[in-house]
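Single-letter residue listing:
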Amino acid sequence: MKKQKVRHKTILIPWFTDFLSPLIPAIAELAGYKFVNCPKTSKTSAEIGLKYGNNEVCYPATLVLGDLIAELQTGKYDLHNVAVAITQTGGQCRATNYLALIKQGLKNAGLGHIPTIAVALGGVYQNKQKDFKLPVFKIFNIVLHAFFFGDILNQIFSAAVVREKEKGKSQQLFDFYMDEARKIVLENKSKKFFQLLENAVNDFNSLKIEDKKLEKVGLIGEIFVKYNSYGQAHITNWLRGQGIEVETPPMTSFFMQAFINQAVNRKNGINRISRLMLNWFPLFYRVLNNRLKKFEKIAQPSRFYHPHEDIFEIAGHAKKIIDLANQFGEGWLLAGEVAGFAQRGINRIVCIQPFGCIANHIVAKGIERRLKQFYPETNLLYLDIDGGMAEVNLHNRLHFLIR
Ligand code: SF4
């Protein structure tokens, strides 16, 4: 791949979640690349992913592969001027191997010549892509602010949509603000996100809502299926339809756990991070956390926003249950999130586990008994999700949880 060529290619990226995916093409444009989102994940994604992928891999990998191949097969793209991309977080589970899985899947579909790109702000594993480089310093602030904005907007929307008197109003506001966010990204004016959030808070505060106390369900589990509507078999919408408020922890915690993990790994002798870097991490944490606090302060007057615990507090809860060296999948975060919900009196918790995800089976189902010792009131429902499941079975089990 030559740099020049990649810059001129259309780069397809799978749909992830409604509060971040719409902003990805704008961020990429700022970075000098043309990204196009695949349509939202659907049954077709699962079918095509199973057809061309290894059907023993974890379910999110199947969906991501299916999204990409389905879009490539539409005939909309010049197959010699297109590439595919996925975000890469790395870590101790199969997420690190998605690139290899996608390359094999593309090959199986007769599309093996299409370049595959890993999108990461840090290092990239298993891929030679010297000509794809993100201008990190140029986009860092805008990515950070867009991420905090989307994450908080999603929290506000989730609490508002289940209370709104005029059906569809919250969704309209959500879509409007995501579109405004997209424009700000293109302008690369990160500070404008503060004002945008303030406007969003005010607009959501003026929605007409039902004045009643709602039952809450906490939703935790693997990151892709939790935040992707099809990946989680639309159970959030189903629960809302039953008059239940669904609270999903902010995605911010997933990334902030890196600040705990690097120190734990160094102590355990399983990473080679230098002492210099180790000293730099707390500073970086403070910068990010201060920025997050600024967004949270703006969100404070919201009738719908509930500020979330700092990652160090979450880790403090988690380490009573599970060693913090457990970092595969969502790692110890799941234990910390259950504890956080339990302490706020949210005792009904659904944990979504994708087919093939040994990582999250261990750090979720595997610690059930211990969680129950600490939080006996908690009612945990583990739902396994895969490409061939019957939604009626999921709903049946959810009925038992909420009745
Ligand atoms: S957490 Fe589980 S489902 Fe997600 S990428 Fe890792 S192994 Fe796959």
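These figures come from a predicted structure and were not determined experimentally.

As for the domain arrangement of the chain
Thought 1: When cut into domains, the chain gives domain 1 (3-134) and domain 2 (213-402).
Thought 2: For domain 1 and domain 2, the distance between their C-alpha centres works out to 25 Å.
Thought 3: Taken together, the contact pairs 17 residues of domain 1 with 19 residues of domain 2.
Thought 4: Of all the elements in the fold, those that place two or more residues in the side of domain 1 that touches domain 2 are helix H3 (43-52) and helix H4 (59-72).

With respect to H3
Thought 1: Residues of H3 that are buried include every one of Ser 45, Ala 46, Ile 48, Gly 49 and Tyr 52, and no others.
Thought 2: Here the buried face of H3 lies against H4 and helix H5 (98-108).

Quick look at the sheet that holds strand S1 (residues 10-13)
Thought 1: Spatially, the four strands line up as an open sheet ordered S2-S1-S3-S4, and their pairing is parallel. Of all strands in the sheet, those with a lone pairing partner are strand S2 (34-37) and strand S4 (116-119), marking the two edges. This sheet shows a mean twist of 35 degrees between the axes of neighbouring strands, independent of strand direction.
Thought 2: Of the strand pairs in this sheet, strand S3 (residues 82-87) and S4 are connected by four bridges, and their pairing is parallel. Across the sheet, the residue bridging to Val 84 is Thr 116, located in S4.

A look at helix H13 (residues 311-318)
Thought 1: The set of residues buried in H13 consists of Ile 311, Ile 314, Ala 315, His 317 and Ala 318. Looking straight down H13, one finds its buried side chains confined to an arc of 155 degrees; they lie on one side.
Thought 2: Buried-residue contacts for H13 involve helix H11 (252-267) and helix H14 (333-343).

Some thoughts on the packing of H13 against H14
Packed helices, taken two at a time, are described by their axes: the angle between them and the distance between them.
Thought 1: Axis separation between H13 and H14 bottoms out at 7 Å; the angle between their running directions is 95 degrees. It follows from the interaxial angle that H13 and H14 lie roughly perpendicular. Between H13 and H14, the residues in contact are Ile 314, Ala 315, His 317 and Ala 318 and Leu 333, Ala 335, Gly 336, Glu 337, Ala 339 and Gly 340, respectively.
Thought 2: Here the contact of H13 with H14 is composed, by residue class, of six nonpolar, three polar and one charged.

Some thoughts on the sheet that holds strand S6 (residues 244-247)
Thought 1: The strand order across the open sheet formed by four strands is S6-S5-S7-S8, and the pairing between neighbours is parallel. Every other strand in the sheet has two partners, leaving S6 and strand S8 (379-385) as the edge strands with one partner each. Averaged over all adjacent pairs, the angle separating strand axes in this sheet is 25 degrees, with direction ignored.
Thought 2: Inspection of the sheet shows strand S5 (residues 215-221) paired to S6 by four bridges, in the parallel sense. Residue pairing in the sheet places Lys 216 in a bridge with Glu 245 of S6.

What counts, and where the lines are drawn
Along each chain, the written sequence defines residue order, and numbers are assigned to residues from 1. In keeping with the model being predicted, local features are shown solely for residues with a pLDDT of at least 70 and side-chain atom pairs are shown and tallied solely at 80 or more, while totals for entire chains, interfaces and linings include all residues. Where each domain begins and ends is defined by an automated method or by a domain database. Note on contacts: each residue gets a C-beta atom placed from the backbone, and two residues are in contact if those atoms are within 7 Å. Starting at the N terminus, helices and strands are each numbered in turn, a helix being any DSSP run of H or I of at least four residues and a strand any DSSP run of E of at least two. Backbone-placed C-beta atoms define the burial measure: a residue is buried with 20 or more other C-beta atoms within 10 Å of its own, exposed with 12 or fewer, and partly exposed in between. Between any two strands, pairing holds if DSSP finds at least two bridges. Fitted lines through C-alpha atoms serve as axes, helices being fitted only where they are in contact, and the angles separating the N-to-C directions of these axes extend from 0 to 180 degrees. Along the arc lie the directions from the helix axis toward the C-beta atoms. Orientation labels follow simple angle bins: below 35 degrees gives roughly parallel, above 145 gives roughly antiparallel, 65 to 115 gives roughly perpendicular, and whatever is left gives oblique. For this classification, Asp, Glu, Lys and Arg are treated as charged, while Ala, Val, Leu, Ile, Met, Phe, Trp, Tyr, Cys and Pro are nonpolar and the rest, including Gly, are polar.

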